[in-house]
Amino acid sequence: MKVGIIGSGNVAQALGRGFASRGHDVMLGSREPNSEKLEGWKKKTLGKVGTGTVLQAARHGEVVVLSVHGKAAEAAIEAAGRENLEGKLVIDTTNPLEMSEGLPPGLFVGVTDSLGERVQKMLPRSHVVKAFNTIASIQMVDPKFPASSSPPMMICGNDAKAKTQVDGIVRSFGWSGTLDLGGIEMSRWMEAFVPLWVTVGRKLGTWHHVAEWVHP
Ligand SMILES: NC(=O)c1ccc[n+]([C@@H]2O[C@H](COP(=O)([O-])OP(=O)(O)OC[C@H]3O[C@@H](n4cnc5c(N)ncnc54)[C@H](OP(=O)(O)O)[C@@H]3O)[C@@H](O)[C@H]2O)c1
């Protein structure tokens, strides 16, 4: 599968490595596709990987992952070209974090709207699935949890087929599966969950946790 990843930070690099390690053909899209950072990532990532502009990554992907700062999500979609995302699964990993008052972060949209919904509205002919946004980038691929706990990953979206595809992807990354919370409007609560996740992480002194999961 050809995977285009919009973004070049922690999440983009982790997922890019994950997809490439599972045999997919990955292009990371950045405003600076030839940066030293990305040259380094390409060198140490096994598999078929390349970098390009945001537009090139969007065109490259049969599946496209959006992993930019929340405040840049809409601009990144414009840079990708909405028409290049039509008919495709778009995995939205973003969070609308407002960091202006420090930690824990606030949200710049929430409760009656969400970034996931805004992304889906911008892309009415794409199948947007919110996923990975409640998980630390270090746990996205080959997650390491205590033996007694194997949490599913929370996802939401409007298209059942797209969610089944995401379920297959996260299983291939070593997760036990997904917990489908419903339509894309459930992004309101998945995104709102993140400031809580940060607060729990600071209390526990770890970023490896999946705070929604309390194993019975
Ligand atoms: N870090 C985590 O553990 C984690 C976990 C779950 C979800 N998330 C969410 O995933 C997203 C990415 O997080 P991250 O930690 O990977 O962030 P990051 O390391 O800070 O990287 C952010 C990326 O945003 C891109 N970007 C910024 N402005 C842009 C613009 N105007 N147009 C296009 N791209 C732009 C940058 O790409 P270029 O500079 O290369 O263009 C950069 O690669 C965020 O929404 C975050 O809330 C993060």
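In case you missed it, the structure is sitting above this.
This is a predicted model, so every value here is computed, not measured. (Residues numbered from 1 in each chain as written. Predicted model: local features only at pLDDT ≥ 70, side-chain atom pairs only at ≥ 80, totals over all residues.)

### Description of the site of the ligand
- As a structural note, the neighbourhood of the ligand is formed by 27 residues, with G9, S30, R31, A72 and N95 the closest of them.
- Those elements that place two or more of their residues in the shell around the ligand are helix 1 (10-21) and helix 4 (73-80).
- Residue classes in the shell around the ligand are distributed as 12 nonpolar, 13 polar and two charged. (Near = placed C-beta within 6 Å. Helix = DSSP H or I, 4+ residues; strand = E, 2+ residues; numbered from the N terminus. Nonpolar A, V, L, I, M, F, W, Y, C, P; charged D, E, K, R; others polar.)

### A look at the environment of T178
- Here T178 is to be found in strand 10 (residues 178-180).
- We classify T178 as buried; it has 21 C-beta atoms within 10 Å.
- Through-space distance from the C-alpha of T178 to that of G168 is 8.9 Å; in sequence the pair is 10 residues apart.
- Residues in contact with T178, not counting those within four places in the same chain, are P152, M153, I155, V166, D167 and V170. (Buried ≥ 20, exposed ≤ 12 C-beta atoms within 10 Å, placed from the backbone. Contact = placed C-beta atoms within 7 Å.)

### Let's talk about the sheet that holds strand 2 (residues 25-29)
- The strand order 3-2-1-4-5-8-9-10 describes an open sheet built from eight strands, whose pairing is mixed. This sheet does not close on itself; its edge strands, each paired only once, are strand 3 (48-52) and strand 10. Across the sheet, the mean angle separating the axes of adjacent strands is 25 degrees when strand polarity is ignored.
- As paired strands, strand 2 and strand 3 are joined by five bridges and run parallel to one another. Residue pairing across strands places D25 opposite K48, the latter belonging to strand 3. (Pairing = 2+ DSSP bridges. Axes fitted to C-alpha atoms, helices over the stretch in contact; angles between N-to-C directions.)

### So, the pairing of strand 3
- Side chains V49 and T51 project from strand 3 onto a buried face, and the interleaved K48, G50 and G52 project onto a face without burial.
- Taken together, strand 2, helix 2 (residues 36-44) and strand 3 form a β-α-β motif whose crossover is right-handed. (Right-handed = clockwise from strand over helix to strand, strands pointing away.)

### What about the pairing of strand 8 (residues 127-130)?
- Judged by which residues are buried, strand 8 turns out to be covered on both faces: H127 and V129 on one side and V128 and K130 on the other are all buried.
- Two elements, strand 5 (residues 89-92) and strand 8, share four bridges in a ladder whose sense is parallel. Paired with I91 across the bridge in strand 8 is V129.

### Observations regarding helix 4
- Along helix 4, the residues classified as buried are A73, A76, I77 and A80. Buried residues of helix 4, seen end-on, are gathered within an arc of 100 degrees and therefore sit on one face of the element.
- Against strand 1 (2-6), helix 3 (54-60), strand 4 (63-66) and helix 5 (115-122) lie the buried residues of helix 4.
- Looking one or two residues beyond helix 4, the residue adopting positive phi is G81, at roughly 85 degrees. (Arc of directions from axis to C-beta.)

### Let's talk about the environment of A80
- Structurally, A80 can be placed in helix 4.
- Along the primary structure A80 and G52 are separated by 28 residues, whereas in three dimensions their C-alpha atoms are 11 Å apart.
- Residue contacts for A80: discarding those within four places in its chain leaves I6, V54, L55, A58 and L85.

### What to know about helix 1
- An ideal rise of 1.5 Å per residue puts 16 Å on 12 residues; helix 1 measures up with 16 Å between its terminal C-alpha atoms.
- Buried residues dominate helix 1, accounting for nine of its 12 residues.
- Burial in helix 1 covers these residues: V11, A12, Q13, A14, L15, G16, R17, G18 and F19.
- Directly beyond the C-terminal end of helix 1, a positive phi value near 90 degrees is found at G23. (Expected span 1.5 Å × (residues − 1).)

### Thoughts on the nonpolar core
- I5, I6, L66 and I91 are the most contacted members of the largest nonpolar core, which has 52 residues in total.
- Ranked by the residues each element gives to this core, the list is headed by helix 1, at five residues.
- Residues contacting I6, with those up to four places away along its chain left out, are G29, V54, A57, A58, V64, V65, L66, S67, V68, A76 and A80. (Core = buried A, V, L, I, M, F, W, Y, C linked by C-beta atoms within 7 Å.)

### Focus: the environment of N133
- Topologically, N133 is positioned in the loop between strand 8 and strand 9 (153-157).
- As a C-alpha pair, N133 and I91 span 42 residues in sequence and 9.9 Å in three-dimensional space.
- Contact partners of N133, with chain neighbours within four places excluded, come to T93, T94, N95, M190, E191 and V194.

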